[in-house]
Amino acid sequence: MGIAVIAMSVAKSEAGVNFQIGTFNGAVPQTNFNLGDTVTVRSFAVDTPGADPNFATQNITNFNTRLFASTSDVDPATAPTYNPGFSAGSFTNGSFFGGSGRIMSANAPGGGFTATSPLQLAEFIYTVNVVGSTTISFDCDAEKPSSF
């Protein structure tokens, strides 16, 4: 039986940055899974041409994203991993279920770092154990130019 995981692809634009999430089966983008499958959820920031910040020339210092899921299925099996450009990351604030969401946030050391776009911010993995559709969405709270 196929299980649909719906990732809301562009959740928010912030000062020249589009934030996106995607679901993957290994390295392959995918939205339909079977019970027992492993789903990798990745969060990205995509540089918008012509608007600050510019990933290639301005430092990326932090991000803060609140994730929501329509079922409790999405609680991660392991701790999330963060882009190695960030010195520390956290995944906190309750569970996905019931609308409370989880907050993913990370800070870069020193003055931050430059990057290419799209920039993968973080990822986590969970196992599909709920029949039906699951919608994953999020909102972002980001710093203005020279960071996001």
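No experiment lies behind these values; they were computed from the predicted model shown.

**Some thoughts on the pairing of strand S3 (residues 17–25)**
Within a regular strand, side chains alternate between the sheet's two faces. In the sheet, S3 pairs with strand S6 (residues 38–47) via eight bridges, with the strands oriented antiparallel. Paired with Phe19 across the two strands is Ala45, which belongs to S6. For S3 and strand S4 (residues 28–29), the ladder comprises two bridges, and the chain directions are antiparallel. Paired with Phe24 across the two strands is Pro29, which belongs to S4. Between the antiparallel neighbours S3 and S4 lie two residues, among them Gly26 with a positive phi of about 70°.

**Here's the deal with the pattern of salt bridges**
Across all of its chains, the model carries one salt bridge by this definition. As a salt-bridge pair, Glu123 and Arg42 come within 2.7 Å of each other at their nearest N and O atoms. Taken together, the residues Glu123 in strand S11 (residues 119–127) and Arg42 in strand S6 connect sequence positions 81 residues apart.

Calculation criteria
- One numbering rule holds for all chains: residues counted from 1, following each sequence as written.
- Local features in this predicted model are restricted to residues whose pLDDT is 70 or higher, and side-chain atom pairs enter the listing and the counts only when it is 80 or higher, whereas totals over whole chains, interfaces and linings include all residues.
- As a convention, hydrogens and water are excluded, and side-chain values are obtained from all of the structure's heavy atoms.
- A pair of strands counts as paired when DSSP detects no fewer than two bridges linking them.
- Each helix is a run of H or I in the DSSP string that is no shorter than four residues. Each strand is a run of E no shorter than two, and both are numbered from the N terminus.
- For this analysis, a salt bridge means a side-chain nitrogen from Lys or Arg found within 4 Å of a carboxyl oxygen belonging to Asp or Glu.

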